[in-house]
Amino acid sequence: MIEKKDYSLLEHNTFKIDVCAKHFVEYNSEDELIDFLQSGKLKKTFLHIGEGSNLLFLNDYQGMVLHSAIQGVEVISELDDYVLVRVGAGMSWDDFVAHCVEKLWYGAENLSLIPGEVGAAAVQNIGAYGVEIKDLIYAVETVDIMGQRKTYSVADCEYAYRYSRFKKVENKHIFITRVILKLSKIEQYHLDYGSVRKELLKHTEVDLSTVRNAIIAIREEKLPNPCHIGNGGSFFMNPIVSKLKFEELKSLYPEIPYYELSQAKYKIPAAWMIDQCGWKGKRIGDAGVYSKQALVLVNHGKATGKDIYELAEAIRSSVKNKFGVILKPEVNYIGSDSI
Ligand code: EPU
């Protein structure tokens, strides 16, 4: 167990915002977490983080930041066609994907190289190239602030696009400790994305490693590596609009890219709209829009959380003025009551 005061969060947020937490606690097991919670040391204001790959700190955090260091991949059941594995919430998501590829467990490979840890991935329902983590989750183990353990089946997690019950404000007292995933032992791939198929043409055969390598190549080409340039991945969610709104946009912009969803809803790529507004590659001070993907905001060096926030607001108002569509951040703002 690590307990610190006035602790720098620079290494705990991929935007590389230079802020401190008044209190910081890191635990290694469920028992350590439960002992801590039952000791009464938890502060009234608290925030549980993963790797901090989806957070934007607007100022120093005056409460207590908690972080899980629970590691480990444990096979809890194995049949001919699938395996159930129990994974520590503090494990790096991509290390877990690499482990799956090594073991020839199918399902997670399209989610290669997504930054973050397993617990946060299950909170956020990470997704890429036609797969979401909810497709792989079997159950989620938690501990609440009273120190009570509870396991949620995937159906109880209320998963939707970048959403779960654990994102609700009223559920912030529930911490994910382990995630149980169901992976296939039968060879199968999700290759519907044109960019994935195209990248795979460079390989003579398709297997788990080549798919993982293709996904890594696509991501490295389009998305900035947080080790080199601070960022939080896609800054906004792709907005979902009604059929009526979609038809209005399509008549004004016949080239608009879109994904048709069920129930007469259409998902429009926020990246395309931001790009059309001329933001790609622009910067205001050290806050910028990535030159190869307009949905990614970056910290060119010394940007503060507020600098990034102000750039995001300027982008939101351009998109609202041009397209009449409101963008919602995918990144979670932390630390300012005024926002
Ligand atoms: N586009 C532009 N300009 C750009 C970038 C993209 O016009 O600067 C257009 C592309 O031509 C394409 C469309 O926008 O028609 C969509 O772009 P892309 O395929 O790159 O995906 P995205 O919708 O921007 C989503 C996820 C990503 C995920 C990719 C691939 C969200 C918010 N983002 O991005 O997830 O990797 O699809 O599946 O759903 C993340 O959540 O952090 C993330 C990176």
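Just so it is clear, the model here is predicted, and its values are computed rather than measured.

Engineer: How should I be thinking about the domain arrangement of the protein chain in this particular structure?
Structural biologist: By a widely used convention, the size of an interface equals the accessible area lost when the partners come together. Domain annotation for the protein chain reports domain 1 (2-68), domain 2 (73-221) and domain 3 (224-338). Its C-alpha centre places domain 1 at a distance of 28 Å from the equivalent point of domain 3. Of the roughly 1500 Å² buried between domain 1 and domain 3, counting both surfaces, carbon and sulfur atoms make up 60%. By the criterion of area lost to domain 3, the three top residues of domain 1 are Phe-15, Leu-56 and Leu-58, representing 46% of everything that side buries. Between the two partners, domain 1 and domain 3, sit zero salt bridges. Top element by residues in the side of domain 1 that touches domain 3 is strand 4 (residues 55-57). It accounts for three residues. Split by residue class, the side of domain 1 that touches domain 3 holds eight nonpolar, four polar and one charged.

Engineer: Please clarify how the site of the ligand should be interpreted in this entry.
Structural biologist: Around the ligand lies a shell of 24 residues, among which Tyr-129, Tyr-161, Ser-234, Asn-238 and Asp-275 are the nearest. One nitrogen or oxygen atom from the side chain of Asp-275 is found 2.7 Å from a nitrogen atom belonging to the ligand. Side-chain polar atom of Gln-293 to an oxygen atom of the ligand: 2.9 Å apart, as the coordinates give it. In isolation the ligand exposes 830 Å². Once the protein is present, 81% of that is buried. For the shell around the ligand, the element with the most residues is helix 7 (residues 270-276), which contributes three residues. Residue classes in the shell around the ligand are distributed as 13 nonpolar, five polar and six charged. Counting residues domain by domain, the shell around the ligand receives three or more from each of domain 2 (73-221) and domain 3 (224-338).

Criteria and cut-off values
- Residues numbered from 1 in each chain as written.
- Predicted model: local features only at pLDDT ≥ 70, side-chain atom pairs only at ≥ 80, totals over all residues.
- Heavy atoms only, no water.
- Domains from an automatic or database assignment.
- Buried area = accessible area lost by both parts, 1.4 Å probe.
- Salt bridge = Lys/Arg side-chain N within 4 Å of Asp/Glu carboxyl O.
- Helix = DSSP H or I, 4+ residues; strand = E, 2+ residues; numbered from the N terminus.
- Nonpolar A, V, L, I, M, F, W, Y, C, P; charged D, E, K, R; others polar.
- Near = heavy atom within 4 Å.
- Polar contact = N/O pair within 3.5 Å; in protein donor to acceptor, adjacent residues only side chain to side chain.
- Areas by Shrake-Rupley, 256 points an atom, 1.4 Å probe, with all protein chains shown as cover.

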